[in-house]
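# Structural description and commentary
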2 protein chains.
Amino acid sequence: MVQTQLSRETLLPKLAAHVLEHGLGQASLRPLAKAAGTSDRMLIYHFGNKQALITELLSYIATLYSGALDAMLGDKRPATRQECIARILGAGSDPAMQAFLVLWWDIVAGAARGLPGYGAAAEEMMAKQLEWLEGQMPEDDPDPAGGARYLMTVIEGTLMLSAVGHGDTAHQGLLAGGLLPA
Amino acid sequence: MVQTQLSRETLLPKLAAHVLEHGLGQASLRPLAKAAGTSDRMLIYHFGNKQALITELLSYIATLYSGALDAMLGDKRPATRQECIARILGAGSDPAMQAFLVLWWDIVAGAARGLPGYGAAAEEMMAKQLEWLEGQMPEDDPDPAGGARYLMTVIEGTLMLSAVGHGDTAHQGLLAGGLLPA
DNA sequence: GTGCTGATGTAGCGATTGCTACACAAGCCA
DNA sequence: TGGCTTGTGTAGCAATCGCTACATCAGCAC
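Residues numbered from 1 in each chain as written. Chains lettered and ligands numbered in written order. Predicted model: local features only at pLDDT ≥ 70, side-chain atom pairs only at ≥ 80, totals over all residues.

## Digging into the relation of the copies chain A and chain B
Screw-axis analysis of chain A against chain B gives a translation of 0.0 Å along the axis, an RMSD of 0.0 Å, and a rotation angle of 180 degrees. Read as a symmetry element, the transformation amounts to a two-fold axis. Closest approach to the rotation axis within chain A is made by the C-alpha atom of Gly157 of chain A, at a distance of 1.8 Å. Of the interface residues in chain A, 100% have counterparts in chain B that sit at the interface too, so the contact is made through matching surfaces. (Least-squares fit on C-alpha atoms with pLDDT ≥ 70 in both. Contact = placed C-beta atoms within 7 Å.)

## Brief notes about the environment of Ala17 of chain A
Mapped onto the elements, Ala17 of chain A comes out in helix H1 (residues 8–22). When the C-alpha atoms of Ala17 of chain A and Ser7 of chain A are compared, they prove to be 16 Å apart, with 10 residues separating the residues in sequence. (Helix = DSSP H or I, 4+ residues; strand = E, 2+ residues; numbered from the N terminus.)

## With respect to the nonpolar core
Counting residues in hydrophobic clusters, the biggest one holds 105 residues, and the most contacted among them are Val108 of chain A together with Val108 of chain B. Apart from residues lying up to four places away in sequence, Val108 of chain B is in contact with Trp105, Met160, Ala163 and Val164 of chain A together with Ala122 of chain B. (Core = buried A, V, L, I, M, F, W, Y, C linked by C-beta atoms within 7 Å. Buried ≥ 20, exposed ≤ 12 C-beta atoms within 10 Å, placed from the backbone.)

## Thoughts on the interface of chain A and chain B
When the parts come together, some accessible area is lost, and that loss is often what is quoted as the size of the interface. Contacts between the two partners involve 42 residues from chain A, matched on the other side by 42 residues from chain B. Among the secondary structure elements, those contributing two or more residues to the side of chain A that touches chain B are helix H6 (95–112), helix H7 (118–136), helix H8 (144–163) and helix H9 (167–176) of chain A. When residues of the side of chain A that touches chain B are assigned to their parent elements, the largest contribution, 14 residues, is made by H8 of chain A. For the side of chain A that touches chain B, the class distribution of residues is 22 nonpolar, 14 polar and 6 charged. (Nonpolar A, V, L, I, M, F, W, Y, C, P; charged D, E, K, R; others polar.)

## Some thoughts on the environment of Leu89 of chain B
Residue and element names in this part refer to chain B. Relative to the helices and strands, Leu89 is located in helix H5 (residues 81–91). Since 20 C-beta atoms lie within 10 Å of it, Leu89 is described here as buried. Sequence spacing of Leu89 and Tyr65 is 24 residues, and the spatial spacing of their C-alpha atoms is 16 Å. Apart from residues no more than four positions distant in its own chain, Leu89 is found in contact with Ile155 and Thr158.

As far as function goes, none of this settles anything; it's purely spatial.
If you want it as structure tokens, here you go:
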């Protein structure tokens, strides 16, 4: 025996890297296995079936995302909501975050369609982002909890519009809403 | 000959109905053909190849969406931005709109990934929605153009959060942002 | 009639899909 | 030593994928 000792834990990072690059729609067993240095046969052996693999992979990706947010967390807290939004939207242009973003819409689409695993992963990622956003609210903000949810809604709308070529529409909307400095 | 005289124009409505129900991910030629009462052979004959079919179909769906928005357009204009948002989000619970919404995330995912046809359809649908929203702004609104873009951003964010089980997060955000009556 | 064009049915191709059958080798426990 | 569990390779299955080859039939121009 070659004793490569592949397990879910060693497989998941490579699988995640593959779907972050190629998306979930094209994630079939043989390409996934090749990316992870094993065979489709072994993926089924370790995860049971494809659906379980995807579910576990999505959950793992949610923790990856969580870690990426933590790593991105600046040491100093923004002074205003405007600054908070600007900083977060700026971070979205980071290539690592771009990969998450493109994958994110796959996950949203799956969640909206009720595919198993997608909804849970999406909910977890949004909960983490909300928590992170609450910690990023200005210290003197009159309503940090509500404000974080407000900014969250605006940010997600901006990201969506940007994904479909309406980034300028969102930008003008943020200006009109007083959420970006004029 | 049976003279069924199928053309792109007669095919597209049935194809659209199928993807509105089953999504774009599972849209392979044989099920599509069955839904349209023809064969995969004839779909290729009429559209050339699958990619061209999807592109034309997305464009057609964009016009469908446009028509649905027009049909939904109430005769009286909202008096406030709050009322405008409430009415639009309320319309999103219409079953016909729900089908569009679920499909919408497929389109966003494809657009974010750069799939041919997806970006154009998404952009067109958003442009139409923005135009519709501008027409729905209160008559005495101080900044109808900017306000429409602001509401658009907020609405899209709300829809996205709702799609992943964070509808209450968005709702609280709208409240905190003064976009819904307390 | 003859030939051409457009529309359709039947059949099938090679590739890919998720998954399985089977053999086998290493280690563990009795 | 002998069986059992665990991990792995090879091979292949039935289904589905997008697409094509080929024959056929209706209608039209001449």
